[in-house]
Amino acid sequence: MLLDGKAISKTRQTAVKDTVQSLPDAPHLVVVLTTDNPASQSYVKAKEKAAQHVGFKSTLIHDTTLDETRLLQLIDTLNQDPGVHGILVQLPLAKGLNVERVMRAIDPAKDVDGFHPENVAALFQKRPGFVPATPRGILTLLDAYEIEIESKHVVIIGRSQIVGTPLVHLFLHRNATVTVCHSKTEDLKSYTLSADILVVATGRARMITADYIRPGAVVVDVGINRVDGKLVGDVDFEAASKVASYITPVPKGVGPMTISSLLENTLDAYTRQRSQS
Ligand code: NAD
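### What to know about the overall build of the protein chain
When helices and strands are tallied, the protein chain shows ten helices and ten strands. Taking 277 residues into account, the globule formula puts the C-alpha radius of gyration at 19 Å, and the protein chain, at 19 Å, falls close to it. If one aligns the C-alpha atoms of the protein chain with their principal axes, the spans along those axes are about 50 × 40 × 35 Å. In the protein chain, buried positions account for 48% of the 277 residues. Residue pairs at least 24 apart in sequence account for 71% of intrachain contacts in the protein chain once pairs closer than 6 positions are excluded.

Spelled out as C-alpha cells, the structure:
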C-alpha cells in the first residue's frame, strides 16, 4: 500500500489554512537563500507557494552576495522583528558561510527548521521545541496510516543531522527499538532484513533493492535523486513495493510531508510567540 504523502500533506495544509483564517493576523515565514543552487531554489519556491496557499505571509530574501557579517546582521534584524514568526535559512549555505554560527544566530523561538542547538537539545531531552520538518513529516505520515511504532524495530539508514539523527530521537520517544546504519556499516542487509520499519536517507539512487527488505516491512524513502531527468528515491520502488506492506513513493511521499511540517512548525512558532506577548 502506498503511503501517500501528497494526500496527507494536503489534508494537513487544509487544517493549517483553517486555523490561519481564525487568527487576528497572518503568521510570517521568512526564507533566506544564499546560493543559486537549482535544487535549493526549487525547494524554496515550493515552501513559498505552500506558505502563501495556507494564508501565511511569506518573504524570500535571495541574496548571493551576503558575507557572514551581513547575514548575521540580517538574522538579528529578523529576530528582533515582532512581525516575523519563522526564519529559515536554506541549506546548503553559500561558500564561506559557517553553518553552525548561522544556525546558532537564529532565535530558537523562530527556528522553524529546528537546527538551532537549543532545539536540537530539546529533541534530545524530549522537551518542547522545533523538530526538523522532514523527520516530523515522516512521523506524521506513519501516524496518518496508523502504523504501529511502539516496540517495533526501526532501522534508519543515514545519520545526517537533518534526517537520520533527529529520527532516532523521535522513534525512541515513541518506544521503538532503533538501529542506525551509515556508510561505514558492514553487512547492511543483516540489519535491514530485521526491520519492521525501514527508513532510507542516503542520497544514493535506488540503492535499497527488494532483497534488503523483510516481507511486510514498512518502507520510508527519504531520498531525492535526479537520474536521467527523473526524480527517484534511495529505494528501488518497483521491486520494493512488491515486498513491503507500505511504501512511500518518490516524488509525492516524504517531500510533501516536509512542506506541511514546515508550515505546522511556523504556525506553532506564531502561536507560542503570541501567547508570550
Ligand atoms: P547526507 O548526505 O547528509 O547523509 C547521508 C547519510 O547516508 C550519511 O549518514 C551516510 O553515512 C549514509 N550513507 C551514504 N551512503 C551509504 C551507504 N552506501 N550505505 C549506508 N549508508 C550510507 O544526506 P541527507 O541530508 O540526510 O539526505 C539524504 C537523502 O534525503 C538525499 O537524497 C536528500 O536529497 C534527501 N532529502 C529529502 C528530503 C525530503 O523532504 N524528501 C529532505 C532532506 C533530504
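### Some words on the domain arrangement of the protein chain
Per the domain assignment, the segments making up the protein chain are domain 1 (25-108) and domain 2 (133-255). Summarising the inter-unit geometry, the C-alpha centres of domain 1 and domain 2 are found 28 Å apart.

### Observations concerning helix α2 (residues 38-53)
Here α2 is 16 residues long and its end C-alpha atoms lie 22 Å apart, about the 22 Å a rise of 1.5 Å per residue gives. When we look at burial in α2, the residues that qualify are S40, V44, K47, E48, A50 and A51. Along the axis of α2, the buried positions cluster into a sector of 165 degrees, meaning they face one direction only. Projecting away from the buried face of α2 at angles above 90 degrees are the exposed residues P38, K45 and K49. Looking at the buried positions of α2, the neighbouring elements they touch are α1 (5-21), β1 (28-33), β2 (57-62), β3 (86-89) and α10 (254-276). Capping the start of α2 is the job of one residue whose side-chain oxygen sits 2.9 Å from the backbone nitrogen of A39: N37.

### Side note on the nonpolar core
One finds L142, F171 and V199 to be the most contacted residues of the largest nonpolar core, which totals 28 residues. Of all the secondary structure elements, the ones that give two or more residues to this core are α6 (133-144), β4 (153-157), α7 (164-173), β6 (197-200), β7 (218-221) and α10. When sequence neighbours within four positions are dropped, the list of residues in contact with V199 reads I138, V154, V155, I156, I157, L167, F171, V220 and V222. Listed in part, the 19 residues of the second largest apolar core include V16, V54, F130 and I259.

### A short note on the sheet that holds strand β5 (residues 177-181)
Strand order in the open sheet formed by five strands is β5-β4-β6-β7-β10, and the pairing between neighbours is parallel. In the strand order of this sheet, the two ends are held by β5 and β10 (246-247), each with one partner. Alignment of β7 against β10, held across two bridges, turns out to be parallel. By the bridge assignment, V219 is partnered in β10 with I247. Helix-sheet contacts for α7 involve β4, β5 and β6, and the interaxial angle to β4 is about 170 degrees.

What counts, and where the lines are drawn
- Residues numbered from 1 in each chain as written.
- Predicted model: local features only at pLDDT ≥ 70, side-chain atom pairs only at ≥ 80, totals over all residues.
- Heavy atoms only, no water.
- Helix = DSSP H or I, 4+ residues; strand = E, 2+ residues; numbered from the N terminus.
- Rg over C-alpha atoms; globule rule 2.2 N^0.38 Å.
- Buried < 20%, exposed > 50% of the residue type's maximum accessible area, 1.4 Å probe, protein only.
- Contact = heavy atoms within 4.5 Å.
- Domains from an automatic or database assignment.
- Expected span 1.5 Å × (residues − 1).
- Arc of directions from axis to C-beta.
- Polar contact = N/O pair within 3.5 Å; in protein donor to acceptor, adjacent residues only side chain to side chain.
- Core = buried A, V, L, I, M, F, W, Y, C linked by side-chain atoms within 4.5 Å.
- Pairing = 2+ DSSP bridges.
- Axes fitted to C-alpha atoms, helices over the stretch in contact; angles between N-to-C directions.

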